[in-house]
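Given next are the chains, with one letter for each unit.
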Amino acid sequence: MFDRGWGARLTRRVLMICAGKGVRGGAALAAFGAAAMGPLAPLAAANVEPEEKVADTIKRLFGANKLQDGAGLMKLDVPEIAENGSVVPIRLDTTLPTSGARSLKKVYLIVDNNRRPMVASFTFSADAGQALIGANLRLGGTTPVRAVAELHDGALYQVRKDVTVTVGGCGG
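Residues numbered from 1 in each chain as written. Predicted model: local features only at pLDDT ≥ 70, side-chain atom pairs only at ≥ 80, totals over all residues. Heavy atoms only, no water.

Peer 1: Mind showing me how you'd approach the sheet that holds strand 7 (residues 132–137) here?
Peer 2: Across a sheet, paired strands are connected by hydrogen bonds in the backbone, their directions being either parallel or antiparallel. Reading across the sheet, the three strands line up as 2-4-7 and stay open at both edges, with antiparallel pairing between neighbours. Each end of this open sheet is capped by a strand with a single partner; those strands are strand 2 (74–77) and strand 7. Strand-to-strand, the axes of this sheet are offset by a mean angle of 15°, without reference to chain direction. (Pairing = 2+ DSSP bridges. Helix = DSSP H or I, 4+ residues; strand = E, 2+ residues; numbered from the N terminus. Axes fitted to C-alpha atoms, helices over the stretch in contact; angles between N-to-C directions.)

Peer 1: Where do I start with the nonpolar core in this structure?
Peer 2: Side chains of nonpolar character tend, in soluble globular proteins, to be buried together. Among the nonpolar cores identified, the biggest contains 27 residues, and Leu 92, Leu 104 and Leu 139 are the most heavily contacted of them. Where this core is concerned, the elements lending two or more residues are strand 2, strand 4 (88–94), strand 5 (104–111), strand 7, strand 8 (143–151) and strand 9 (156–165). Listed in part, the eight residues of the second largest apolar core include Val 54, Phe 62, Ile 110 and Leu 156. (Core = buried A, V, L, I, M, F, W, Y, C linked by side-chain atoms within 4.5 Å. Buried < 20%, exposed > 50% of the residue type's maximum accessible area, 1.4 Å probe, protein only.)

Peer 1: I would appreciate a short explanation of the pattern of salt bridges in the present structure.
Peer 2: Counting across every chain of the model gives five salt bridges. Notably, a salt bridge pairs Glu 52 with Arg 116, separated by 3.5 Å at the nearest N-O pair. With a gap of 64 residues between them, Glu 52 in the loop between helix 3 (41–46) and helix 4 (54–62) and Arg 116 in the loop between strand 5 and strand 6 (118–123) connect regions that are remote in the sequence. Of the residues examined, Glu 52 reaches a relative accessible area of 14% and is grouped as buried. Linking Asp 153 and Arg 102 is a salt bridge whose minimum nitrogen-to-oxygen distance equals 2.7 Å. Here the residue Asp 153 occupies a position in the loop between strand 8 and strand 9, and Arg 102 occupies one in the loop between strand 4 and strand 5, the gap between them amounting to 51 residues. (Salt bridge = Lys/Arg side-chain N within 4 Å of Asp/Glu carboxyl O.)

Peer 1: Please explain helix 4 as it appears in this structure.
Peer 2: Owing to its 3.6 residues per turn, the α-helix aligns residues three or four sequence positions apart on the same side. Turning to helix 4, its buried residues number three or more, namely Val 54, Thr 57, Ile 58 and Phe 62. Seen along its axis, helix 4 keeps its buried residues to an arc of 100°; they face one direction. In helix 4, the exposed positions angled more than 90 degrees off the buried face are occupied by Ala 55 and Lys 59. Residues of helix 4 that are buried sit in contact with strand 1 (67–69), strand 5, strand 6, strand 8 and strand 9. At the exit of helix 4 stands Gly 63, carrying a positive phi of roughly 65°. (Arc of directions from axis to C-beta. Contact = heavy atoms within 4.5 Å.)

The values are spatial; any link to function lies outside them.
Here you go:
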């Protein structure tokens, strides 16, 4: 049935031959996945990353640096009530410059109650001109959403808004 034994390297060609000779979709993909992972397959299944609390995320990203109020520097536009947590639009406007000594280096979007709180990061160069971010976030439920701006001089500013989700997005 097979041109090569299972001990041989499983290639796309072999997979297609198997699929054509009666091994159907799910079984072929399972065989390909197991062959591709090899001896690491049991480890990959057992090594699921744990949840990370927002305090741990902030400590990992910023260390002991203090987050200052950035309400005068940034405007976070996110709906107060999101009907669908799978697609929540967000927009961040900032007056921070993208060039100079006290310029914007990076922006992090953090969703406090998500399994992995840091959902996106954006790096700005001096050529960026104006820093403006627009994106859709996936929220697991009602949660605070924050944007943290990191400047080249090390200063950190945050803005935060609470979002009420009526239908869950991350598995809800």
